[in-house]
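# Understanding the architecture of this molecule
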Amino acid sequence: MTKSEFSELLHSLDATVNEGVSNNDKSKDTRIVYWCITEEDVSASGEGYENLQTYQVSIFNPKPRCAAYLELRQKLRDRGIRPQFNHEYVENDPVFSKNWHTYFSMDVIEDDA
């Protein structure tokens, strides 16, 4: 999956979505933040290299296993992608207190988007 396809997938959810920076927008219960945590040049079928980026995706919601998480998980399954999801409760944080934090990593190919 390319980065632009992944971004479109995240933005298709009923959530506030930001790349790289979280915000205090509470217009929707669910907030999703994603950012690149590693990059690696990988061989592209012997025709040069592609930039493989690993993104961390964090989903915050007052309820565990919220609708946006379940929808995202199904959309990834439909594409044959099955990441490991982690869940934790955030007790004290200036922005995310009293929320469930679901997070996972995702490898994507950088594109020109």
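Below, the structure is looked at part by part. (Residues numbered from 1 in each chain as written. Predicted model: local features only at pLDDT ≥ 70, side-chain atom pairs only at ≥ 80, totals over all residues. Heavy atoms only, no water.)

## Details of the overall build of the protein chain
- Counting its regular elements, the protein chain contains two helices and five strands.
- Each helix (α) and strand (β) of the protein chain, taken in turn from the N terminus, gives the series α-β-β-β-α-β-β.
- Based on the C-alpha atoms only, the size of the protein chain along its principal axes is roughly 50 × 30 × 20 Å.
- Among the 113 residues that make up the protein chain, the fraction classed as buried is 36%.
- Of the roughly 6700 Å² of accessible surface on the protein chain, a fraction of 43% belongs to carbon and sulfur atoms. (Helix = DSSP H or I, 4+ residues; strand = E, 2+ residues; numbered from the N terminus. Buried < 20%, exposed > 50% of the residue type's maximum accessible area, 1.4 Å probe, protein only. Areas by Shrake-Rupley, 256 points an atom, 1.4 Å probe, with all protein chains shown as cover.)

## As for helix α2 (residues 67-78)
- In this model α2 runs 16 Å from its N-terminal to its C-terminal C-alpha over twelve residues, within 8% of the 16 Å that 1.5 Å per residue would give.
- Listed as buried for α2 are A68, Y69, L72 and L76. When α2 is viewed along its axis, its buried side chains cluster within an angular range of 100 degrees and face the same direction. Of the exposed residues in α2, the ones pointing more than 90 degrees away from its buried face are A67 and D78.
- Where α2 is buried, its residues contact α1 (3-11), β3 (49-61), β4 (86-90) and β5 (99-109).
- Positive phi shows up at G80, right after α2, with a value of about 75 degrees. (Expected span 1.5 Å × (residues − 1). Arc of directions from axis to C-beta. Contact = heavy atoms within 4.5 Å.)

## Thoughts on the sheet that holds β4
- Read from one edge to the other, the open sheet built from five strands follows the order β1-β2-β3-β5-β4, with strand pairing classed as mixed. Edge strands, defined here as strands with exactly one partner in the open sheet, are β1 (16-19) and β4. When the angles between neighbouring strand axes are averaged without regard to direction, this sheet yields 25 degrees.
- Two elements, strand β2 (residues 31-43) and β3, share twelve bridges in a ladder whose sense is antiparallel. When the bridges of β3 are listed, R31 appears paired with F60.
- Where α2 meets the sheet, its contacts fall on β3, β4 and β5, and the angle it forms with β5 comes to roughly 25 degrees. (Pairing = 2+ DSSP bridges. Axes fitted to C-alpha atoms, helices over the stretch in contact; angles between N-to-C directions.)

## Quick look at the packing of aromatic side chains
- In this structure the tally under the stated criterion is five aromatic pairs.
- Measuring from centroid to centroid gives 5.8 Å for Y34 and Y55, while their planes differ by 45 degrees, and the two rings are tilted. Placement of Y34 in strand β2 and of Y55 in strand β3 is noted, with a sequence separation of 21 residues between them.
- Here Y55 falls in the buried class, since its relative accessible area comes to 3%. (Phe/Tyr/Trp six-rings, centres within 6.5 Å; stacked < 30°, edge-to-face > 60°.)

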